[in-house]
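Observations on the three-dimensional arrangement
The chain contents come next:
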Amino acid sequence: MEFHQAAWKEPLIIERSRAGKVAHVPALPTQHETAVAGEDPLGIVPRPLLRESPPPLPELSEPEVIRHFTRLSQENYSPDLGIYPLGSCTMKYNPKICDVVVQNHKLEKVHPEQDESTVQGVLGILYKLERILCEVTGMSRMSLQPAAGAHGEFLGALIIRAYHRARGEANQRSEMLVPDSAHGTNPASAAMAGFRVVVVPSNTDGMVDLAALKGAVGSKTAGLMITNPNTLGIFEEHILEIAETVHKAGGLLYYDGANFNPILGKVRPGDMGFDIVHVNLHKTFATPHGGGGPGAGPVGVTKGLERYLPVPLIGYDGKRYFLDYKVSDSVGKIRAFHGNVGILVRAYAYILSLGIEGLESVAETAVVNTNYVMTRLLKAGLFELPFFKMRKHEFVLSARKLRESTGVRALDLAKRMLDKGVHPPTVYFPLVVDEAMMVETPETESLYDLDTFVDAMISSGREAETNAETVKGAPYSASVGRIDDVKASHPKTIKLRWDNPARR
Ligand SMILES: *Cc1c(COP(=O)(O)O)cnc(C)c1O
């Protein structure tokens, strides 16, 4: 066996706690820390909110803490360890220089309530980042507040509603069009903002069915939310006609820019006719994606929609940066202060470190990598490619034939790939493809890593043909064996909370 993941019988950190142990020598307590312990030197915390005693945090020595988390990390997998070709997710390696920049103590210590004159540096970074993002998306102005792609979509939907309200058509324009290949967050965000979602089917080329779109638009249309290249990795060739169709009907176009990698520096959503755009800084711009960490999904708009953006925006009068509250019809705040500033600074550092040529090569390399992997996988003859077209950053194969001939499903193949030390593709998404295996190989992967992945996927498929039962029982060399998905998603059978024995 070439690979075996670490498997520790690691107790919970709280179970290893021993009263009195400390991991570092604390500095003198600050005012804030003494307040937590029960005193309130400023006398401003309401009585019932004051803690009687310190919270029951685990008490361990420094090596115990470090070993605990290092062991857990060894039982996991990450883009720092190997290729992570999870389609639709852009799980790419993030340069460490971005961590270094954001850990600068001058940045770490600033507070959003500080006077503008004392935070000119960070406001300058945010202002310049906004300008760059506007330039690459073809938008006029941006809010950096949204904390995720879905959050940006929600803001976009609110802006679309505010636009129609200003024209006296808010009640009439109740429908948001979403293609059937869309990411699930699109219909969810539209519904949360109060719209009725109307699904537009794909045609046999895996693109929006223009005739169906023309049939669906009308006086109730508020807008269309779409990503391009779409979730099948296909560039919507008729995007200008799509935009014209929606605009003619009086709707707005929202660009889901979570798939921005493959067009960065090449094509701008603004030039495709979009009115509102979000980009996922935690996919394209150097913040790790996944794991529940903070993200950022800035939203840009065309000139006519600037007046609906959340406040404050960052302004610059030629001498100093300032918080700009002059937004006449703002939909309000969408998040505290300026959003996740650390993520924004990372994106800025990433963009500067690459420069214009570097940014363009992101798109080129991502697209070449994906088409290389797709071509090699198709040559193996195990999988089918619905909608035969050149792909951008990702593609979706179907393992349907393999399932029919061997009984092995996409999920089994994915689990078997874990035994080979690589992360499998996304499975069963998008829903328009049967036994879908969705692969995205970003620009950060070397030929070696691409080949390692392809070899693992092909050998798992071959094994399905000769030894199906083995594949169905995988994984064998991962930290955790096959998980009972049904049980794992049932709130009654899964225990997510640690019960303090002292309180039982
Ligand atoms: C990831 C993704 C989203 C959602 O982004 P989050 O930051 O996870 O909310 C939306 N659309 C597409 C196409 C995506 O890939």
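As shown above, the structure is provided for reference.
Residues numbered from 1 in each chain as written. Predicted model: local features only at pLDDT ≥ 70, side-chain atom pairs only at ≥ 80, totals over all residues. Heavy atoms only, no water.

Turning our eyes to something else, we now look at the side chain of E10. Tracing the backbone shows E10 in the segment before helix 1 (31–36). In terms of polar contacts, E10 uses its side chain to reach the side chain of H68, at 2.8 Å. For E10, the contacting residues outside a window of four places in its chain are R16, H68, R71 and L72. (Helix = DSSP H or I, 4+ residues; strand = E, 2+ residues; numbered from the N terminus. Polar contact = N/O pair within 3.5 Å; in protein donor to acceptor, adjacent residues only side chain to side chain. Contact = heavy atoms within 4.5 Å.)

Moving on: unusual backbone geometry. Each neighbour pair has its own omega, and for N228 with P229 the value is 0 degrees, a cis peptide bond. Position of P229 among the secondary structure elements: in the loop between strand 4 (221–226) and helix 9 (239–248). A cis geometry characterises the amide bond from V311 onward to P312, with omega recorded as -5 degrees. Here the phi dihedral of S88 falls at roughly 75 degrees; this positive angle occurs in a residue that is not glycine. Counting through the fold element by element, S88 comes out in the loop between helix 2 (62–74) and helix 3 (96–102). With relative accessibility at 5%, the residue S88 sits in the buried group. Its identity is not glycine, yet T90 carries a phi of approximately 45 degrees, on the positive side. (Buried < 20%, exposed > 50% of the residue type's maximum accessible area, 1.4 Å probe, protein only.)

Taken together, 13 residues surround the ligand, and among them S88, G149, D256, H282 and K283 come closest. Taking H282, its side chain carries an N or O atom lying 2.6 Å from an oxygen atom of the ligand. Broken down by secondary-structure element, the contributors of at least two residues to the shell around the ligand are helix 6 (149–166) and helix 11 (281–284). With 3 residues, helix 6 is the single largest residue contributor to the shell around the ligand. (Near = heavy atom within 4 Å.)

Right, let's talk about the nonpolar core for a bit. Generally speaking, a soluble globular protein has its nonpolar side chains buried in company with each other. Ranked by size, the top nonpolar core spans 55 residues in total, and within it L129, L133, L281 and F285 carry the most contacts. Per element, the largest residue contribution to this core is 10 residues, and it comes from helix 12 (residues 341–379). (Core = buried A, V, L, I, M, F, W, Y, C linked by side-chain atoms within 4.5 Å.)

This brings us to the packing of aromatic side chains. Taken as a whole and judged by the stated rule, the model has 6 aromatic pairs. Above the face of the W8 ring, R71 is positioned so that its terminal group lies 4.2 Å from the ring centre. (Phe/Tyr/Trp six-rings, centres within 6.5 Å; stacked < 30°, edge-to-face > 60°. Lys NZ or Arg CZ within 6 Å of the ring centre and 35° of its normal.)

Once that is clear, we can look at the sheet that holds strand 10 (residues 394–398). Taking strand neighbours across the sheet as the criterion, the 3 strands line up as 10-12-11 in an open arrangement whose pairing is antiparallel. At either margin of the open sheet sits one strand with a lone partner, and together these are strand 10 and strand 11 (426–427). Inspection of the sheet shows strand 11 paired to strand 12 (residues 436–440) by 2 bridges, in the antiparallel sense. By the bridge assignment for strand 12, T426 is matched with M438. Of the strands in this sheet, strand 11 and strand 12 are in contact with helix 14 (residues 410–418), which crosses strand 12 at around 40 degrees. (Pairing = 2+ DSSP bridges. Axes fitted to C-alpha atoms, helices over the stretch in contact; angles between N-to-C directions.)

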